[in-house]
Amino acid sequence: MADSTGTNPNAIEEELMDELDEELDEELDEEEAEDQFGDDALTAEALEGQLGLNALNPLSEEEEDLNLDEIDNILDLSEDKYPKFTLAKNKARFLRMVSWYRAKEEWIEVAPLSGVTKLFKQQTKELEGIRSSKLDYEMELETGTLTPSQRSYRRDELKMCRVQEKMAVHLISKLQVKIKSGRR
(Lines give C-alpha, C1' and ligand atoms only; values in the text may rest on other atoms or scores of the structure.)
Protein backbone atom coordinates (compact mmCIF):
# COMPACT_ATOMS: atom_id res chain seq x y z
CA MET A 1 0.00 0.00 0.00
CA ALA A 2 1.42 3.40 -1.00
CA ASP A 3 1.21 6.57 1.11
CA SER A 4 0.43 10.08 -0.14
CA THR A 5 4.00 10.52 -1.48
CA GLY A 6 3.65 7.46 -3.68
CA THR A 7 6.24 5.33 -1.81
CA ASN A 8 5.60 2.04 -0.12
CA PRO A 9 6.29 2.29 3.64
CA ASN A 10 7.03 -1.43 3.79
CA ALA A 11 9.73 -1.08 1.11
CA ILE A 12 11.36 1.79 3.01
CA GLU A 13 11.22 -0.19 6.23
CA GLU A 14 12.81 -3.23 4.54
CA GLU A 15 15.56 -1.04 3.06
CA LEU A 16 16.33 0.46 6.48
CA MET A 17 16.41 -3.01 8.04
CA ASP A 18 18.84 -4.23 5.34
CA GLU A 19 21.14 -1.26 6.04
CA LEU A 20 21.04 -1.97 9.77
CA ASP A 21 21.84 -5.65 9.15
CA GLU A 22 24.86 -4.69 7.02
CA GLU A 23 26.13 -2.30 9.70
CA LEU A 24 25.71 -4.95 12.39
CA ASP A 25 27.55 -7.51 10.24
CA GLU A 26 30.45 -5.06 9.77
CA GLU A 27 30.61 -4.37 13.51
CA LEU A 28 30.56 -8.08 14.29
CA ASP A 29 33.35 -8.72 11.75
CA GLU A 30 35.48 -6.01 13.42
CA GLU A 31 34.80 -7.48 16.87
CA GLU A 32 35.76 -10.95 15.65
CA ALA A 33 38.96 -9.56 14.17
CA GLU A 34 39.76 -7.84 17.48
CA ASP A 35 39.12 -11.06 19.38
CA GLN A 36 41.25 -13.08 16.96
CA PHE A 37 44.15 -10.62 16.56
CA GLY A 38 44.23 -8.90 19.93
CA ASP A 39 43.03 -5.47 21.02
CA ASP A 40 43.34 -3.80 17.64
CA ALA A 41 41.92 -5.12 14.42
CA LEU A 42 44.57 -5.32 11.74
CA THR A 43 43.75 -2.65 9.24
CA ALA A 44 45.60 -1.90 6.04
CA GLU A 45 47.20 1.13 7.72
CA ALA A 46 48.31 -0.91 10.71
CA LEU A 47 49.83 -3.55 8.46
CA GLU A 48 51.54 -0.86 6.41
CA GLY A 49 53.02 0.63 9.57
CA GLN A 50 54.13 -2.75 10.92
CA LEU A 51 55.70 -3.87 7.68
CA GLY A 52 57.08 -0.46 6.70
CA LEU A 53 55.40 -0.64 3.32
CA ASN A 54 53.92 2.13 1.24
CA ALA A 55 50.37 1.26 0.21
CA LEU A 56 50.85 2.90 -3.18
CA ASN A 57 54.28 1.38 -3.75
CA PRO A 58 54.76 -2.01 -2.10
CA LEU A 59 58.38 -2.29 -3.23
CA SER A 60 60.95 -1.36 -0.67
CA GLU A 61 63.37 1.43 -1.44
CA GLU A 62 66.22 -1.01 -2.11
CA GLU A 63 64.12 -2.98 -4.59
CA GLU A 64 63.08 0.10 -6.55
CA ASP A 65 66.45 1.76 -6.57
CA LEU A 66 70.13 1.08 -6.33
CA ASN A 67 71.70 -0.01 -3.05
CA LEU A 68 73.85 2.87 -1.82
CA ASP A 69 75.89 0.57 0.42
CA GLU A 70 77.33 -1.16 -2.63
CA ILE A 71 78.57 2.10 -4.17
CA ASP A 72 81.96 3.45 -3.16
CA ASN A 73 81.60 6.85 -4.84
CA ILE A 74 78.32 8.14 -6.21
CA LEU A 75 80.25 10.55 -8.40
CA ASP A 76 81.60 7.59 -10.40
CA LEU A 77 78.10 6.58 -11.50
CA SER A 78 76.85 7.33 -14.98
CA GLU A 79 73.73 9.50 -15.21
CA ASP A 80 71.49 6.53 -15.98
CA LYS A 81 72.62 4.86 -12.71
CA TYR A 82 71.85 7.89 -10.50
CA PRO A 83 69.31 7.38 -7.72
CA LYS A 84 65.71 8.08 -8.72
CA PHE A 85 63.81 10.75 -6.83
CA THR A 86 60.06 11.30 -6.80
CA LEU A 87 60.29 15.03 -6.18
CA ALA A 88 61.66 17.27 -8.93
CA LYS A 89 63.29 19.53 -6.34
CA ASN A 90 65.31 16.57 -5.07
CA LYS A 91 66.40 15.62 -8.58
CA ALA A 92 67.67 19.16 -9.09
CA ARG A 93 69.24 19.25 -5.62
CA PHE A 94 71.00 15.96 -6.31
CA LEU A 95 72.45 17.23 -9.59
CA ARG A 96 73.69 20.41 -7.87
CA MET A 97 75.27 18.28 -5.12
CA VAL A 98 77.02 16.06 -7.66
CA SER A 99 78.41 19.14 -9.38
CA TRP A 100 79.55 20.68 -6.08
CA TYR A 101 81.21 17.49 -4.80
CA ARG A 102 82.96 16.92 -8.15
CA ALA A 103 84.34 20.45 -8.07
CA LYS A 104 85.56 19.98 -4.48
CA GLU A 105 87.27 16.69 -5.32
CA GLU A 106 89.11 18.39 -8.18
CA TRP A 107 89.92 21.37 -5.96
CA ILE A 108 91.48 19.12 -3.28
CA GLU A 109 94.29 18.21 -5.68
CA VAL A 110 95.52 21.83 -5.91
CA ALA A 111 94.19 23.34 -2.69
CA PRO A 112 96.41 24.68 0.10
CA LEU A 113 96.46 22.64 3.30
CA SER A 114 94.71 25.42 5.25
CA GLY A 115 91.78 25.39 2.80
CA VAL A 116 91.55 21.61 2.91
CA THR A 117 91.54 21.67 6.73
CA LYS A 118 88.83 24.33 6.75
CA LEU A 119 86.66 22.33 4.32
CA PHE A 120 87.26 19.19 6.40
CA LYS A 121 85.89 20.92 9.52
CA GLN A 122 82.87 22.29 7.60
CA GLN A 123 82.03 18.94 6.03
CA THR A 124 82.42 17.09 9.34
CA LYS A 125 79.96 19.49 10.98
CA GLU A 126 77.58 19.27 8.01
CA LEU A 127 77.72 15.48 8.17
CA GLU A 128 76.35 15.61 11.72
CA GLY A 129 73.35 17.61 10.47
CA ILE A 130 72.79 15.22 7.57
CA ARG A 131 72.81 12.22 9.91
CA SER A 132 70.45 13.96 12.32
CA SER A 133 67.98 14.68 9.52
CA LYS A 134 68.33 11.11 8.29
CA LEU A 135 67.44 9.74 11.72
CA ASP A 136 64.45 12.08 11.96
CA TYR A 137 63.08 10.86 8.60
CA GLU A 138 63.69 7.21 9.54
CA MET A 139 61.81 7.66 12.81
CA GLU A 140 58.90 9.41 11.10
CA LEU A 141 58.62 6.61 8.55
CA GLU A 142 58.63 3.97 11.27
CA THR A 143 55.67 5.49 13.10
CA GLY A 144 53.20 4.41 10.42
CA THR A 145 51.02 7.46 11.03
CA LEU A 146 51.81 9.27 7.78
CA THR A 147 49.48 9.64 4.83
CA PRO A 148 50.70 8.09 1.58
CA SER A 149 51.77 11.48 0.20
CA GLN A 150 53.63 12.36 3.43
CA ARG A 151 55.25 8.94 3.36
CA SER A 152 56.40 9.42 -0.24
CA TYR A 153 57.82 12.84 0.62
CA ARG A 154 59.69 11.50 3.69
CA ARG A 155 61.08 8.53 1.73
CA ASP A 156 62.39 10.89 -0.93
CA GLU A 157 63.97 13.16 1.69
CA LEU A 158 65.48 10.14 3.45
CA LYS A 159 66.99 8.95 0.19
CA MET A 160 68.40 12.44 -0.37
CA CYS A 161 69.98 12.37 3.10
CA ARG A 162 71.52 8.95 2.42
CA VAL A 163 72.96 10.11 -0.89
CA GLN A 164 74.30 13.32 0.64
CA GLU A 165 75.79 11.40 3.58
CA LYS A 166 77.53 9.01 1.18
CA MET A 167 79.04 11.86 -0.85
CA ALA A 168 80.08 13.79 2.27
CA VAL A 169 81.78 10.74 3.81
CA HIS A 170 83.68 10.13 0.56
CA LEU A 171 84.80 13.77 0.39
CA ILE A 172 85.84 13.77 4.07
CA SER A 173 87.98 10.68 3.52
CA LYS A 174 89.72 12.37 0.57
CA LEU A 175 90.27 15.48 2.68
CA GLN A 176 91.79 13.35 5.45
CA VAL A 177 94.22 11.75 3.01
CA LYS A 178 95.25 15.18 1.70
CA ILE A 179 95.72 16.54 5.25
CA LYS A 180 97.84 13.55 6.30
CA SER A 181 99.98 13.68 3.19
CA GLY A 182 100.42 17.45 3.49
CA ARG A 183 101.70 17.27 7.03
CA ARG A 184 104.54 14.84 6.33
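On a predicted model such as this, the values are computed, not experimentally measured, just so you know.

(A) Region of the structure containing the overall build of the protein chain. Scanning the protein chain from terminus to terminus reveals 6 helices and 0 strands. Listed N to C, the secondary structure of the protein chain is α-α-α-α-α-α in terms of helices and strands. Of the contacts made within the protein chain by residues no fewer than 6 positions apart, 70% connect residues no fewer than 24 positions apart. About 12700 Å² of surface is accessible on the protein chain, with carbon and sulfur atoms providing 51% of the total.

(B) Representation of helix α5 (residues 113-143). Spanning 31 residues, α5 covers 45 Å between terminal C-alpha atoms, matching the ideal 45 Å at 1.5 Å per step. Just past α5, the residue Gly144 takes up positive phi, approximately 75°.

(C) Layout of the confidence of the model for the protein chain. Residues of the protein chain with pLDDT of at least 70 account for 64%, and the chain-wide mean is 76. Averaged pLDDT values over the elements of the protein chain bottom out at 44 in helix α3 (residues 61-64) and peak at 95 in α5. A low-confidence stretch, residues 33-63 (pLDDT under 50), is modelled with 29 contacts involving residues beyond four sequence positions or located in other chains.

(D) Structural detail: the packing of helix α4 (residues 88-110) against α5. Their axes nearest at 12 Å, the elements α4 and α5 cross at an angle of 145°. For the element pair α4 and α5, the recorded crossing hand is left-handed. Touching Trp100, Tyr101, Lys104 and Trp107 of α4 are Gly115, Val116, Leu119, Gln123 and Glu126, all from α5. Taken together, the residues of the contact of α4 with α5 break down into 5 nonpolar, 2 polar and 2 charged.

(E) Layout of the environment of Asp69. Within the secondary structure layout, Asp69 lies in the loop between α3 and α4. Overall, the relative accessible area of 69% leaves Asp69 in the exposed class. Sequence separation between Asp69 and Arg162 is 93 residues; the distance between their C-alpha atoms is 9.7 Å.

So, how was this worked out
- Going along each chain's sequence as written, the residues are numbered from 1 onward.
- Only residues with pLDDT of at least 70 get local features here, since the model is predicted, and only at 80 or more are side-chain atom pairs given and counted; chain-wide, interface and lining totals rely on the full set of residues.
- To obtain the side-chain values, all non-hydrogen atoms of the structure were used and water was disregarded.
- In this text, helices come from DSSP runs of H or I with a minimum length of four residues, and strands from runs of E with a minimum of two, each type numbered from the N-terminal end.
- Here, two residues are considered to be in contact whenever any of their heavy atoms come within 4.5 Å of each other.
- Working definition of accessibility: Shrake-Rupley area with a 1.4 Å probe, residue cover restricted to the visible protein chains.
- One less than the residue count of a helix, multiplied by 1.5 Å, gives the span that helix is expected to have.
- Residue-level confidence of the predictor, termed pLDDT, takes values from 0 up to 100.
- Axis lines are fitted to C-alpha atoms, over the contacting stretch for helices. Their N-to-C directions set the angle, which ranges from 0 to 180 degrees.
- For any helix crossing, the convention is left-handed if the near helix is rotated counterclockwise from the far helix by under a right angle, and right-handed if that rotation is clockwise.
- Lys, Arg, Asp and Glu make up the charged group, whereas Ala, Val, Leu, Ile, Met, Phe, Trp, Tyr, Cys and Pro make up the nonpolar group; the residues left over, Gly among them, are polar.
- Between buried and exposed lies partly exposed: a residue is buried under 20% and exposed over 50% of the maximum accessible area for its type, with that area taken using a 1.4 Å probe on protein chains only.

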